[in-house]
Structure formats: C-alpha cells, structure tokens
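# Examination of the molecular architecture
Below, each chain spelled out in residue letters.
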Amino acid sequence: MVKTSDRFLITVTIVILLFSLFNFNESLGAAFGLMIISYGLFRLFDKKDTFPFIKRDINFGKSIIYALGAYVIFIFIIQAANYIATSFFSAGFLPGQATFSSTVSYLSSQLLANQQPALAGNQILTFVAYALAIPFVESLFFFGTLMESGIDFFQVVPSIKSVKTWAVIAIISSIFALFHISARIGAGASGQLSSALSTVFLFAAVSCMLVVITGQVLEAILFHVIANSIALIINFSTSIPNILYVILIGGGVAAALLFILRKTNVGRYLSKGGRNYVTA
C-alpha cells in the first residue's frame, strides 16, 4: 500500500510534470512523468525499504552539509579525472585551464545543452523545472528506485567498503549517463559527447555514494538541487558571478526546500512504521 505522503508527493509532482508536458517541455514532462509513475509502482510493491526518501529522526543541518560537501568534492573529482585524462590520454574533460571556478562554469554550461524548452525565456519555469522538479524525480528514480533494485537483485549489503556496492554504483551511474546521451550530444570539450557524459557519470557516482553513506535519498536530491541551482544562476547571469556566493545561494535553495519539508511534514510516512521524521 502506498503511504499517504507518497501519494501526496507523487500527485504534486505529476501535476507539475503534466503542466510541463503541455506548456513547457513535452519531452521533459513525458520522460519524468514516467519516472515518477515508476517510482510509485515500485513503492507499491516493494516490501523492503532499503533507501527511503527520508529516514526517521534525521538531522536536516547535517543533510545540507553532506550535500554541499558532495558538490565541492564532485568539483575536485572532475578536476582530478581531467588531470589523469590529460596526462595519460592527452584529452581532458575540461576546456582550457581547469581551475575551480572554470570547472563550475563548464559544468553549468552543460545543464541546458541542446535543451529547447517551449518557454525557454521564462526563468521562473526553467528554475522550477531544472532546479527542483528534475533533481527530485531523477534522484528518486535513479538513486532511489534503481539503486535499491540493484542492491536487492545482487543481494548486496550496502557499504562504501563493499566491492559489490561499487559494482552496483557503476551500473547505476552508467545507466544515468546513457539516459543523458540525447541531452549531451554536442556538449563538452570540442563537442565531444564522451567528455560531457564522463562528468554525468561521476555526478551519478557521487549521488549513489551519498545514498549508501546516509541510507536515504534526501542528500542525493539536495546535492542535485544545489548543482542545478548553481548552473542556472550562472546561466542566467549576464556576467560571471562570484563562485563562492553562487555555491552558498545553491545551498540556500536546498535549505529552503528542507524548510518546506519540515513545515509541511511531507514524507512523514515514507519510512517503515510511519513515524514523524521531523527533529526537534
């Protein structure tokens, strides 16, 4: 049986995606509509709640720190991978000198690559879709539903020290990257598809690691919200903003989302037993 707040989350998300389907971006609305329906069906028949949306009695401040820390670590992972690729294969992920700021700017340019929404000029709709709806649905589907399915299928005990867990992470990250092929064609250094998909793969791997470490999908969603918020702010800016300020704003967007979750108590019955997850 689908829990009360599951139905609420699914209903609200479907309404947003239906609006997107008819008024904003048909492909986005249809694809992510199928994802949230798949998530609902999975929750309906899943008897084991390995990676709930939110666990009971969590610390929201700690969740924000995890998500912000994951974003900073993700940037350094991209830079390290770019250095290795440049040293051994003479072809890096990043164009030009790979500083922290240039890496953030490059990743931001990938978010809307080859995307042509019908109301592309409406920054509010674009922000709601790409900074909130997409991170929520993608994270639930890939890093919640698919991750848990992989863990169950291979009968893995989730642990960052487990080789089998890393194998599942590699599989889920590959699927996530393949899903983004059409959105990333022509993106990346010198228009190379592999460059852009490599960053997407690493992004998914970090998200899966967050789920394994925390035991819930919330931090992966917040990480995704922060990354997309930062990308949109940079894309909307007429000049290159201060990267530190932009990262803090991205964290503020994630904190605002958590504030709404606390006040509305959405997710109260997402964990087994249906206890209130809100901490004092």
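Please read these numbers as outputs of a predicted model, since none were measured by experiment.

Moving on, we come to the overall build of the protein. In terms of regular secondary structure, the protein is built from ten helices and zero strands. Going from the N terminus to the C terminus, the protein shows its helices and strands as α-α-α-α-α-α-α-α-α-α. Taking contacts inside the protein between residues at least 6 apart in sequence as the whole, the part at least 24 apart equals 74%. As displayed, the protein has an accessible area near 13,300 Å², and 67% of this comes from carbon and sulfur atoms.

Another point: the packing of aromatic side chains. With the rule as written, the count across this model stands at eleven aromatic pairs. Taking the centre distance of 5.9 Å and the plane angle of 80° together, the rings of Phe74 and Phe223 count as edge-to-face. In this pair, Phe74 sits in helix α3 (residues 60-89) while Phe223 sits in helix α9 (residues 218-236), placing the two residues 149 residues apart along the sequence. One exposure class covers both Phe74 and Phe223, and it is buried. When the centroid spacing of 4.6 Å and the interplanar angle of 20° are considered together, the rings of Phe203 and Phe223 count as stacked. Taken together, the residues span a long stretch of sequence, with Phe203 in helix α8 (residues 193-214) and Phe223 in helix α9 at a distance of 20 residues. An identical accessibility class is assigned to Phe203 and Phe223; each is buried. Through pairs of rings, three or more aromatic residues link up here, namely Phe74, Phe141, Phe142, Phe143, Phe176, Phe179, Phe203 and Phe223.

Each α-helix turn comprises 3.6 residues. Residues three or four places apart therefore point the same way. Along its 30 residues, α3 runs 42 Å from first to last C-alpha, staying within 8% of the 44 Å computed at 1.5 Å per residue. Between a side-chain oxygen at the N-terminus of α3 and the backbone nitrogen of Gly61 the separation is 3.0 Å; the capping residue is Asn59. Downstream of α3 by one or two residues, Ser90 has phi in the positive range, about 60°.

Here the focus is helix α6 (residues 163-179). Here α6 spans 24 Å end to end across 17 residues, near enough to the 24 Å set by a 1.5 Å rise per residue. Taken together, the buried positions of α6 are Thr165, Val168, Ile169, Ile172, Ser173, Phe176 and Ala177. Measuring from the side-chain oxygen of the N-cap residue of α6 to the backbone nitrogen of Lys164 gives 3.3 Å; that N-cap residue is Ser162.

It is worth spelling out the packing of α3 against α9 at this point. At a closest axis distance of 8 Å, the pairing of α3 and α9 adopts a crossing angle of 55°. Taken together, the axis directions place α3 and α9 in an arrangement best described as oblique. Regarding α3 and α9, the two cross each other, and that crossing is right-handed. In contact with Phe60, Ser63, Ile64, Tyr66, Ala67, Leu68, Ala70, Tyr71 and Phe74 of α3, α9 contributes Leu218, Glu219, Leu222, Phe223, Ile226, Ala227 and Ile230. A class-by-class count of the residues in the contact of α3 with α9 yields 14 nonpolar, one polar and one charged.

With that settled, the discussion passes to the packing of helix α5 (residues 123-153) against α6. Viewed as axis vectors pointing N to C, α5 and α6 meet at an angle of 140°, and their least axial separation amounts to 10 Å. The handedness of the crossing between α5 and α6 comes out as right-handed. Along its contact with α5, which presents Glu138, Phe142, Phe143, Leu146, Met147, Gly150 and Ile151, the element α6 presents Val168, Ile169, Ile172, Ile175, Phe176 and Phe179.

Membership of the largest hydrophobic core comes to 69 residues, with the highest contact counts inside it found for Phe53, Tyr71, Phe74, Phe143, Leu218 and Phe223. Within the residue set of this core, elements represented by two or more residues are α2 (26-45), α3, α4 (100-111), α5, α6, α8, α9 and α10 (243-264). Ignoring any residue separated from it by four or fewer positions in sequence, one finds Leu218 in contact with Phe53, Ile54, Ile58, Phe60, Ser63, Leu258 and Leu261.

Cut-offs applied
- The residue count restarts for each chain, going from 1 along the sequence in the order it is written.
- Per-residue local features are limited, in this predicted model, to residues with pLDDT of at least 70; the limit for side-chain atom pairs, both in listing and counting, is 80 or more; totals at the level of whole chains, interfaces and linings are taken over all residues.
- Computation of side-chain values: all heavy atoms of the structure, hydrogens and water removed.
- The helix count covers DSSP runs of H or I at least four residues long, the strand count covers runs of E at least two residues long, and both are numbered beginning at the N terminus.
- Pairs of residues are marked as contacts when any of their non-hydrogen atoms sit within 4.5 Å.
- For the accessible areas, the method is Shrake-Rupley and the probe is 1.4 Å, while residue cover comes only from the protein chains on display.
- Here a Phe, Tyr or Trp ring, Trp counted by its six-membered ring, pairs with any other such ring whose centre lies within 6.5 Å, and the pair is stacked when the planes are under 30 degrees apart, edge-to-face when over 60, and tilted otherwise.
- A simple rule labels every residue: compare its accessible area, found with a 1.4 Å probe on the protein chains alone, to the largest value its type can have, and call it buried under 20%, exposed over 50%, or partly exposed in between.
- Residue count minus one, scaled by 1.5 Å, sets the expected span of a helix.
- Polar contact is defined as a pair of N or O atoms within 3.5 Å, subject to the rule that within protein one atom must be able to donate a hydrogen and the other to accept it, and that residues adjacent in sequence are counted only when both atoms are side-chain atoms.
- In this description, a line fitted to the C-alpha atoms serves as the axis of each element, helices being fitted only across the stretch in contact, and the angle between N-to-C directions of two axes falls anywhere from 0 to 180 degrees.
- Each angle is binned into one of four classes, with values under 35 degrees roughly parallel, values over 145 roughly antiparallel, values of 65 to 115 roughly perpendicular, and all other values oblique.
- Should the near helix be turned anticlockwise from the far one by less than a right angle, the crossing is termed left-handed; should it be turned clockwise, right-handed.
- Each residue gets one label: Ala, Val, Leu, Ile, Met, Phe, Trp, Tyr, Cys and Pro are nonpolar, Asp, Glu, Lys and Arg are charged, and the others, such as Gly, are polar.
- In this description, a nonpolar core means a group of buried Ala, Val, Leu, Ile, Met, Phe, Trp, Tyr and Cys residues linked to one another through side-chain atoms lying within 4.5 Å.

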